Amino acid sequence: MTIANGLRRICALGLVSFAGFLAACGTFEEEPVPACPRAFLPNDTARLVQFNGQGKDLTDVILEAEFGGYLGDCGYDLDDKVLNVVISPIINAELGPAAQGRNAKLQYFVALKDPSGEFIQKNLFDVDMVFPNNLNLARYRDEQVTLNVPLDDVWAGPDYEIYLGFQLSADQLDYNRRFGKN
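On a predicted model such as this, the values are computed, not experimentally measured, just so you know.

A. Inspection of the pairing of strand 9 (residues 161–166) at higher detail. Most of strand 9 is tucked away: six of the six residues are buried. Going residue by residue along strand 9, you find E161, Y163 and G165 tucked away on one face and I162, L164 and F166 tucked away on the opposite face as well. Relative to strand 9, strand 1 (residues 38–40) runs parallel, the two sharing three bridges. In the strand pairing of strand 9, R38 is matched with E161.

B. View of the sheet that holds strand 1. As summarised here, the arrangement of the four strands in space is 1-9-5-6, forming an open sheet in which the pairing is mixed. Pairing within the sheet leaves two strands with one partner each, and these edge strands are strand 1 and strand 6 (119–130). Strand-to-strand twist of the sheet, defined as the mean angle between neighbouring strand axes without regard to direction, takes the value 20°.

C. The arrangement of the packing of aromatic side chains in detail. For the coordinates displayed, the defined rule picks out seven aromatic pairs. Taking 5.1 Å as the distance between ring centres and 75° as the angle between the ring planes, the aromatic pair formed by F51 and Y175 counts as edge-to-face. Linking F51 in strand 2 (residues 47–51) with Y175 in helix 2 (residues 170–179), this pair joins segments that are 124 residues apart in sequence. Using a relative accessible area of 15% as the deciding quantity, one classes Y175 as buried. Between F67 and Y108, the ring centres sit 6.2 Å apart and the planes meet at 90°, which makes this aromatic pair edge-to-face. A residue pair is termed long-range when its members are at least 10 positions apart, and F67 in strand 3 (residues 61–77) and Y108 in strand 5 (residues 103–113) qualify at 41 residues. For F67, a relative accessible area of 10% corresponds to the buried category. Taken together, the ring pairs connect F67, Y108, F125 and F166 into an aromatic cluster. Its guanidinium or amino end placed over the ring of F109, K122 lies 4.8 Å from that ring's centre, counting from NZ or CZ.

D. Spatial organisation of the pattern of salt bridges. Considering all chains together, one arrives at five salt bridges under this definition. One salt bridge in this structure joins D128 and K105, with 3.7 Å as the shortest N-O distance. In this pair, D128 is assigned in strand 6 and K105 in strand 5, connecting sequence segments 23 residues apart. What makes K105 exposed here is its relative accessible area of 61%. Between R178 and D174 there is a salt bridge, with the nearest N and O atoms lying 3.7 Å from each other. Separated by four residues within a single helix, R178 and D174 lie in helix 2, roughly one turn from each other. Under the relative-accessibility criterion, D174 is labelled partly exposed at 38%.

Conventions and cut-offs
- Residues numbered from 1 in each chain as written.
- Predicted model: local features only at pLDDT ≥ 70, side-chain atom pairs only at ≥ 80, totals over all residues.
- Heavy atoms only, no water.
- Buried < 20%, exposed > 50% of the residue type's maximum accessible area, 1.4 Å probe, protein only.
- Helix = DSSP H or I, 4+ residues; strand = E, 2+ residues; numbered from the N terminus.
- Pairing = 2+ DSSP bridges.
- Axes fitted to C-alpha atoms, helices over the stretch in contact; angles between N-to-C directions.
- Phe/Tyr/Trp six-rings, centres within 6.5 Å; stacked < 30°, edge-to-face > 60°.
- Lys NZ or Arg CZ within 6 Å of the ring centre and 35° of its normal.
- Salt bridge = Lys/Arg side-chain N within 4 Å of Asp/Glu carboxyl O.

So this is what it looks like as structure tokens:
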């Protein structure tokens, strides 16, 4: 047997072994996972206008804020039947003519609606925005908010809905419904 023939046999044996290894990889396929629930920013709570209490004129505006979007993801614990949602809202804000300082406080919520249409979870989050001395505009991206939802059936996860919005007073909600963007 020549050296070349010996090398060919070793290579052929290696290729057969490698092909067997690749075939075994097919037995480690990942289990399919349900899709993430959809997220919504309803128009009537996606905007916040704070007035100074003197009136509702443009000169009475302390702060205007709106959601600039969100970053999010989800995952499922298939063994424990839990949906884990991670969402990070982005808020754009502008100080108005009636603003007295360079800080603004506001609240937003993240709520979860189940497939039957019931809100089963609502969490409030405080935001303290600081505006630079030379700017009346600011963008704020909150830390990741996590919702952990036990499910009877993980395949029902995509039928849940996530809602984000500002926590508004009745007057602010009415203002948004009358003068908000559609």
